[in-house]
Amino acid sequence: MLFTATVSVFTQFATLLIDKVLTGRLLGEQALAVISLFSPFFSLVFFASTCISVGCAVCFSIYIGEMRRNKASSFMGLGLALSLVVGCVLGGAFFLANDWIVEKFAYDAQMIPFVQDFTRFFPLFILIAPVYAVLQEMVYVDGEHVFTHLSYVVLFLGNVILSVILCGNFGFSGIVLGTVLSLFLAIAALVPHFFRKNCSLRFNFHFRWAYTFKVLRYSAVESSEFLFLTILFLIMNHYFAVHFGSGSLVVLSVVLDMIELSIVFGGVWQATEPVLNVYRAERNGKAVRNMMNIVNLTLIVESIVVFLLFFAFAPWFVGMFHIQTQEIYAQAVNAVRCVSFGLFGIAFVKVYASYYLHEKPVFSVFLISLVFLIVPVSSLVPASSLGGMVGVWLSIVFSSYFTLVVGGIAFGIFFGLDRFPLLLNHAEIRKFFVKSMVLTDENIIVLRNRADEVCRKMKVCDRSRYKIMLLVEELGMLCTSLNAPRKVFGEFSFCVEDDYVNVFYKDDGIIVDMTDLEQKLSDLRSYVVSSFMANHRDKLYVLTVSFNRHAFRFPKENRQI
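Residues numbered from 1 in each chain as written. Predicted model: local features only at pLDDT ≥ 70, side-chain atom pairs only at ≥ 80, totals over all residues. Heavy atoms only, no water.

### Section: the environment of Q116
- The topology assignment puts Q116 in helix 6 (residues 112-141).
- Linking Q116 and L424, residues 308 residues apart in sequence, is a C-alpha distance of 54 Å. (Helix = DSSP H or I, 4+ residues; strand = E, 2+ residues; numbered from the N terminus.)

### Examining the sheet that holds strand 5 (residues 548-555)
- Ordered by their spatial adjacency, five strands build an open sheet running 1-2-3-5-4, and the pairing between neighbours is antiparallel. The sheet is open, and its two borders are formed by strand 1 (432-438) and strand 4 (539-541), each paired with just one other strand. Ignoring strand direction, the axes of neighbouring strands in this sheet form an average angle of 10 degrees.
- Bridge count for strand 1 against strand 2 (residues 489-496) is seven bridges, and the pairing is antiparallel. If you follow V434 over to strand 2, its bridge partner there is S493.
- The strands touched by helix 20 (residues 441-457) are strand 1 and strand 2; relative to strand 1, the strand with the most contacts, the crossing angle is about 175 degrees. (Pairing = 2+ DSSP bridges. Axes fitted to C-alpha atoms, helices over the stretch in contact; angles between N-to-C directions. Contact = heavy atoms within 4.5 Å.)

### Examining the pattern of salt bridges
- In the structure shown here, the tally under the stated rule is nine salt bridges.
- Between E225 and K350 there is a salt bridge, with the nearest N and O atoms lying 2.6 Å from each other. Note that E225 is positioned in helix 10 (residues 220-243) and K350 in helix 16 (residues 343-356), a separation of 125 residues in sequence.
- The salt bridge involving R448 is made with E473; its shortest N-O contact spans 2.9 Å. Placement of the pair is R448 in helix 20 and E473 in helix 21 (residues 462-483), with a sequence separation of 25 residues.
- Residues joined by salt bridges that share partners form a network here, namely D452, R456, D462 and R465. (Salt bridge = Lys/Arg side-chain N within 4 Å of Asp/Glu carboxyl O.)

### What about helix 12 (residues 266-281)?
- Taking 1.5 Å as the rise per residue, helix 12 with 16 residues should run 22 Å; its terminal C-alpha atoms sit 22 Å apart, in good agreement.
- At E273, helix 12 is bent by approximately 45 degrees, the largest bend along its length, and proline P274 sits one to four residues beyond.
- Where helix 12 ends, the next residue or the one after it, R283, has phi of about 60 degrees, a positive value. (Expected span 1.5 Å × (residues − 1). Bend = angle between axes of the 7 residues up to and from the residue.)

### Describing the pairing of strand 2
- Taking burial as the measure, the eight residues of strand 2 include seven buried ones, the bulk of the element.
- Relative to strand 3 (residues 500-507), strand 2 runs antiparallel, the two sharing seven bridges. Looking at strand 3, one finds that F492 is bridged to Y505.
- Between strand 2 and strand 3, which pair antiparallel one after the other, the connecting turn spans three residues. (Buried < 20%, exposed > 50% of the residue type's maximum accessible area, 1.4 Å probe, protein only.)

### Quick notes on helix 8 (residues 172-190)
- A rise of 1.5 Å per residue sets the reference length of helix 8, with its 19 residues, at 27 Å; its end C-alpha atoms lie 29 Å apart and thus fit the reference within 8%.
- Buried residues dominate helix 8, accounting for 15 of its 19 residues.

### So, the packing of aromatic side chains
- Under the defined criterion, the tally for this structure stands at 33 aromatic pairs.
- Ring plane angle 25 degrees and centroid distance 5.5 Å describe the contact between F122 and F125, whose orientation is recorded as stacked. Of the two residues, F122 and F125 are both situated in helix 6; the distance of three residues between them amounts to about one turn of the helix. The same class applies to F122 as to F125, namely buried.
- In this structure an aromatic cluster arises from ring pairing among F344, F348, Y352, Y355, Y356, F363, F366, F411, F414, F415 and F420.
- One residue, R337, lies across the ring of F311, its end atom 5.5 Å from the ring centre.
- The aromatic ring of Y500 is capped on one face by R553, whose charged end is 4.7 Å from the ring centroid. (Phe/Tyr/Trp six-rings, centres within 6.5 Å; stacked < 30°, edge-to-face > 60°. Lys NZ or Arg CZ within 6 Å of the ring centre and 35° of its normal.)

### What about the packing of helix 21 against helix 22 (residues 524-535)?
- Where helix 21 meets helix 22, the axes come as close as 10 Å, and the angle between the chain directions of the two elements is 135 degrees. Relative to helix 22, the element helix 21 lies oblique. Here helix 21 runs over helix 22; the crossing is left-handed. Residue-level inspection shows K467, L470, L471, E474, L475, M477 and L478 of helix 21 in contact with helix 22, the latter providing R525, S526, V528, V529, F532 and M533. (Parallel < 35°, antiparallel > 145°, perpendicular 65-115°, else oblique. Left-handed = near helix turned anticlockwise from the far one by under 90°.)

### With respect to the side chain of T23
- Here T23 shows up in helix 1 (residues 2-27).
- A relative accessible area of 0% means that T23 is categorised as buried.
- Setting aside its immediate chain neighbours within four residues, T23 contacts G28, A31, L32, I35, F172 and I175.

### Let's talk about unusual backbone geometry
- Cis geometry is adopted by the peptide bond preceding P421, which originates at F420 and carries an omega value of -5 degrees.
- The topology assignment puts P421 in the loop between helix 18 (380-414) and helix 19 (426-429).
- Cis geometry is found at the peptide bond from A484 to P485, where omega equals 5 degrees.
- Looking at where P485 falls in the secondary structure, it is placed in the loop between helix 21 and strand 2.
- Here L423, not a glycine, exhibits a phi torsion of approximately 60 degrees, which is positive.
- With respect to the element layout, L423 can be found in the loop between helix 18 and helix 19.
- The class for L423 is buried, based on a relative accessible area of 4%.
- The phi angle at K459 is positive, at roughly 60 degrees, despite the residue not being glycine.
- On the basis of relative accessible area, K459 is assigned to the exposed category, the value being 66%.

The structure is reproduced here in C-alpha cells:
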C-alpha cells in the first residue's frame with residue numbers, strides 16, 4: 001500500500017519531470033529554461049487538482065469510516081463536477097492570456113518560439129489534469145491497486161513514448177500534447193474499476209456548499225503546498241534570471257524539481273490516511289497512536305534512503321536533464337547535494353501538517369507556509385548576498401529544520417505539551433483495547449481469552465461478556481475457514497464506554513458481509529454466526545478501503561440486546 005500511495009502522490013509531478021527530462025534531451029538547455037519558467041503554472045494546476053481530489057478522497061474515507069455510505073458516495077460526483085469546472089475556468093483563462101504570457105515569460109528573443117510552442121496545447125493539459133487527479137485518488141482510496149498501478153504505467157510510458165514521437169512532428173508543443181494524450185489513456189485504464197462488484201464508488205451528484213467547503217478544508221495542506229510552491233517558483237525564477245542570468249534558471253529548475261520530489265514523503269501519509277480516518281471515526285486513539293509510530297519509523301528510514309540516493313547519485317540525477325555546459329552541470333550537482341540535507345525535516349513537516357489538518361487546519365497551513373514560502377522567501381536576499389546561489393540552497397535546508405522547531409514550540413504554547421505530538425486525549429486511549437494479528441486457531445483462542453479479561457476488568461456484564469467471547473471466536477474461525485488456505489490478517493478492537501461496549505472487527509480476506517442473513521450456510525460455524533447475527537440488533541457492515549469491517553454494540557449492564 002505504501003508503494004501504491006507513493007506512486008500515487010508522485011504521478012502529478014512525474015508528468016512535469018518527464019517533460020523536463022525529454023525537453024532537455026531533445027531540445028536543449030534553452031527549451032529546458034523555458035519549461036522551468038512555466039513550473040509555476042504546473043504547480044498552479046496541481047494546486048487546483050489537489051484542492052478537489054485529496055479533499056474528496058478524505059471525505060469519502062471519513063464517511064465510510066462512520067459507516068455512512070450514501071453520503072460518502074456523493075463525493076465522487078461532486079469531485080468530477082468540480083474538476084471539470086476548475087479545468088474549464090483555468091484553461092480558458094490561460095488561453096485568453098496567451099499573448100500576455102508570451103510577452104512576460106520570454107526573457108530574451110531566443111525563448112519566444114519555445115514559449116509560443118509550449119502554450120499551444122497547455123490549456124488542454126489544464127482541462128484534463130484535474131479530472132485524472134480526482135479519478136485516480138478515488139479509485140485508490142476505494143482500495144483498488146491493480147487498475148491504479150495500470151494507470152501509472154500507462155501515464156508514465158505513454159508520456160515518454162508519445163512525447164518523443166510527437167516532438168519530432170510538433171517540436172516543443174508535441175511534448176505537451178504527448179502529456180495530454182497520456183492522461184486520457186491513464187483515465188481509460190481506471191474505468192474498469194467502476195464495473196467491479198466490490199467498487200464502493202457511485203456517480204451520485206449532490207452539490208452542497210457545505211460539502212464543497214469540507215473538500216477544500218481536507219485538501220488544505222496538500223493544495224496549499226502547491227500554491228506556496230507556485231508563489232515561491234515565480235519569485236525565485238524572476239530573482240535568479242535578474243541577479244544570476246538566464247543560465248542559472250537551469251540550475252534552479254533542477255533544485256525545484258528536487259524540492260517537488262519531496263512529495264514522495266506524502267506517500268507515507270496517503271498510505272496511512274484512509275485507515276487512520278477509519279480509526280478517527282471510531283475514536284480509537286490507541287490505534288491512531290500505533291499507526292503514527294509506524295509512520296514515524298517509516299519516515300526516518302525513507303528520508304535517510306532518499307538523502308543517500310540524492311547525495312550519491314546527484315550527477316546521475318542532473319545528467320537526466322542533458323545539461324551540456326560543464327559549469328552549469330557542476331553547480332546543479334552541488335545544489336542537489338546541498339539541498340538533500342533538508343529532506344529529513346521536510347518529510348516530517350509535510351506528514352504532521354497533514355495529520356493536524358483534521359483538528360487544527362490553521363496550524364497545518366501555517367507549517368506548510370513556513371517551510372515552502374515564508375522562510376525561503378524572507379531569506380532569499382540575505383542568503384544570496386552572503387553566499388550567492390549556495391547561500392540560497394542552504395537557506396532552503398535551514399527552512400525545514402526551523403519549521404520543525406517553531407512548530408514544536410507553537411504546539412506547546414497553543415495546545416499543551418501533554419497532547420504532543422498527536423493531539424490525543426490519554427483518557428480516551430485507555431478506553432480501547434486493540435489487537436492485530438494473522439488469524440490462526442491459536443491466535444483466535446488467545447484473543448478470545450484476552451477479550452474475557454478486558455471485559456472483566458471493565459466490569460462488563462456476564463451476558464455481554466459471553467456474547468463478545470462467542471463473537472470473537474466464531475467470527476475469527478469462520479473467516480479463517482472461508483479464506484483457507486490463504487492467511488488472513490485481522491484486527492479486533494474494543495471500546496468500553498459508560499453504557500456500551502463497541503466491538504470493531506476488520507480483516508483483509510474475501511469480501512463477505514457476515515451480518516447478511518441471506519449468506520449461504522456451509523457448515524456448523526456459519527450457522528452459529530448467522531444465528532448470532534439474527535438475534536443481535538446493534539450490528540453493521542461496511543466495506544472499507546477494500547477490507548471487511550464489522551461493528552457491534554453490546555450493553556455494559558444487563559439489558560435487552
